[in-house]
Amino acid sequence: MFDPPMPQLPYLASIEEVVTADRLIAEYGEEAGFEAASRADRSRDLGNHIHFCRWRQIERLILMLSADEAVGTVH
């Protein structure tokens, strides 16, 4: 049986990323991941690689939080 590749889990530098992801989900609903991706793209276009990476991690976190199934190893 073929299992799809496991999604890349986000790196969270602080609890603030979780708070930011939660705020985006509350404000944008199902579009929150697109909003985080848009902010990442804007940061990249401005040459701010630190914020680009931060927003990409928040985007991954939003996708993980909105998944219907557990992501990663379940113990």
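Shown above is the structure to which this text applies.
Here is a short report on the structure shown in this document. (Residues numbered from 1 in each chain as written. Predicted model: local features only at pLDDT ≥ 70, side-chain atom pairs only at ≥ 80, totals over all residues. Heavy atoms only, no water.)

**Comments concerning the packing of aromatic side chains**
Then step 1. One pass over the structure, following the stated rule, counts zero aromatic pairs.
Then step 2. Arg54 extends its terminal NZ or CZ atom over the ring of Trp55, reaching a point 4.8 Å from the ring centre. (Phe/Tyr/Trp six-rings, centres within 6.5 Å; stacked < 30°, edge-to-face > 60°. Lys NZ or Arg CZ within 6 Å of the ring centre and 35° of its normal.)

**What about the pattern of salt bridges?**
Then step 1. Enumeration according to the criterion identifies six salt bridges in this entry.
Then step 2. Asp41 is the salt-bridge partner of Arg44, the closest N and O atoms lying 3.5 Å from each other. Residue Arg44 and its partner Asp41 are both found in helix H2 (residues 32–45); the two are separated by three residues, about one turn of the helix.
Then step 3. Under the relative-accessibility criterion, Arg44 is labelled partly exposed at 44%.
Then step 4. Among the residues examined, Asp41 registers a relative accessible area of 27% and is labelled partly exposed.
Then step 5. Here the residues in one salt-bridge network are Asp41, Arg44, Asp45, Arg56 and Glu59, joined through shared partners. (Salt bridge = Lys/Arg side-chain N within 4 Å of Asp/Glu carboxyl O. Helix = DSSP H or I, 4+ residues; strand = E, 2+ residues; numbered from the N terminus. Buried < 20%, exposed > 50% of the residue type's maximum accessible area, 1.4 Å probe, protein only.)

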